[in-house]
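# Residue-level structural notes
Read off the chains here:
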Amino acid sequence: MLLKVLHRKIAFQWVLLVGLLGYSIYIILTQAQLANEQGAAFLYKNFAQFFSQYLWLGKGIVAIILLLQILLLQHYFRKNEFTAKTSLLPACFYISILLLTKSLTAISPFFFTFLFFLVIISISYTAPSEKLKNNAFWVGALIALGTCFDISSIVLLILAIVTLFINHFSRIKEIGTLLFGFSLLYLYLFAYYFFTDNLSEWILTFTQLQILGFMNDHNFAHAGTLIPLIVLGILYLFLILKFKIASESKVVVQRKRIITFNTWSLLLIICLFISNSPYPNVLGYLFVPVAVYLSMLAPEKSPYFINEIITIAILLALWL
């Protein structure tokens, strides 16, 4: 009931969004630092050095990235018509989660991954053949750039290929173009570091990558960590299943949109297992799907405040 009222009051949503965004910018400008993660990708390390040398400029870039993420998230949500009415709840939930988890105080690699993720999911995969090939090329190049900040972004390549199959059944040429765009950027980087005699330094960054970084955290196996993680996992899968079942009564186009987003949400779980980030930073890969699902949940009818309980439980699990 409370979520449904919030969903209806767009004016209150604007007030909430402006307040959350203003506070987020304040946190970035006064407290933001880049998380010191061993085995991080080379562009993340380079940006960390840049951030330490040009603190205010670095914080300004982080603030701009946050604004771009919010705009892209809202664009994606509105374009796919996940709710009947215009809603600012995706941005509100996303910022709230970032603040609850202190992800704007210690900026982790997933923060950059989500910029590329939101750009990629905002690109049309149902365009005419010629435009689709151009889109596929740029998507491949963007994913390659994303992996330079966070190796877990390689999952976005699988995500893009699966999305092409969902929307077109078989698009071998477009998938080839996607892989070409990905490979071309790495070929360019290889040539740049080779001709500047820094190839060994560039290769060294890949040898230092750590997989399953959260498993190295000695606090990970504690009950205080595992219980919220189990609750979050159950509720996350519950939301995927809930909206999958709900989509079966919708028109084909909307059903395909839900299937696509559910597939993306499942694929992003892979990021948790290949990331070098420690716990709880690694949970950041779920923030965008959680924000979208909670926004879709808001207008749904629920007896006994079930939707509110689910929302609070997810936010508490992320916070703890």
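What comes next concerns the included structure. (Residues numbered from 1 in each chain as written. Predicted model: local features only at pLDDT ≥ 70, side-chain atom pairs only at ≥ 80, totals over all residues. Heavy atoms only, no water.)

### Brief notes about the overall build of the protein chain
Let me state the cut-off plainly: Labels follow the DSSP assignment, with helices taken as runs of H or I lasting at least four residues and strands as runs of E lasting at least two, numbered in each case from the N terminus. Each residue is assigned to one of three classes by its accessible area relative to the maximum for its type, calculated with a 1.4 Å probe on protein chains only: buried under 20%, partly exposed between the two thresholds, exposed over 50%. Residue contacts follow a heavy-atom distance rule, with two residues in contact if any of their heavy atoms lie within 4.5 Å. Values of accessible area rely on a 1.4 Å probe in the Shrake-Rupley scheme; residue burial ignores everything except the protein chains shown.
Across its full length, the protein chain holds 14 helices and two strands. For the protein chain, the proportion of its 320 residues judged to be buried stands at 49%. Contacts spanning at least 24 positions in sequence make up 77% of the contacts within the protein chain whose residues lie at least 6 apart. Approximately 15500 Å² of the protein chain is accessible, and the part contributed by carbon and sulfur atoms is 71%.

### Brief notes about the packing of helix α5 (residues 89–100) against helix α13 (residues 287–297)
The test is simple: Axis lines are fitted through C-alpha atoms, for helices just across the contact stretch, and the angle between N-to-C directions can take any value from 0 to 180 degrees. Orientation is classified from the angle alone, with under 35 degrees giving roughly parallel, over 145 giving roughly antiparallel, 65 to 115 giving roughly perpendicular, and any other angle giving oblique. It is the rotation of the near helix from the far one that decides the hand of a crossing: anticlockwise by less than a right angle makes it left-handed, clockwise makes it right-handed. In this classification, the charged set is Asp, Glu, Lys and Arg, the nonpolar set is Ala, Val, Leu, Ile, Met, Phe, Trp, Tyr, Cys and Pro, and all remaining amino acids, among them Gly, are polar.
The contact between α5 and α13 brings their axes to 8 Å, and the two run at 135°. Regarding the angle of α5 to α13, the classification is oblique. Judged by the twist between their axes, the crossing of α5 over α13 is right-handed. Together, L89, P90, F93, Y94, I97 and L98 of α5 and F287, V288, V290, A291, L294 and S295 of α13 make up the contact between the two elements. Across the contact of α5 with α13, the residue classes break down as eleven nonpolar, one polar and no charged.

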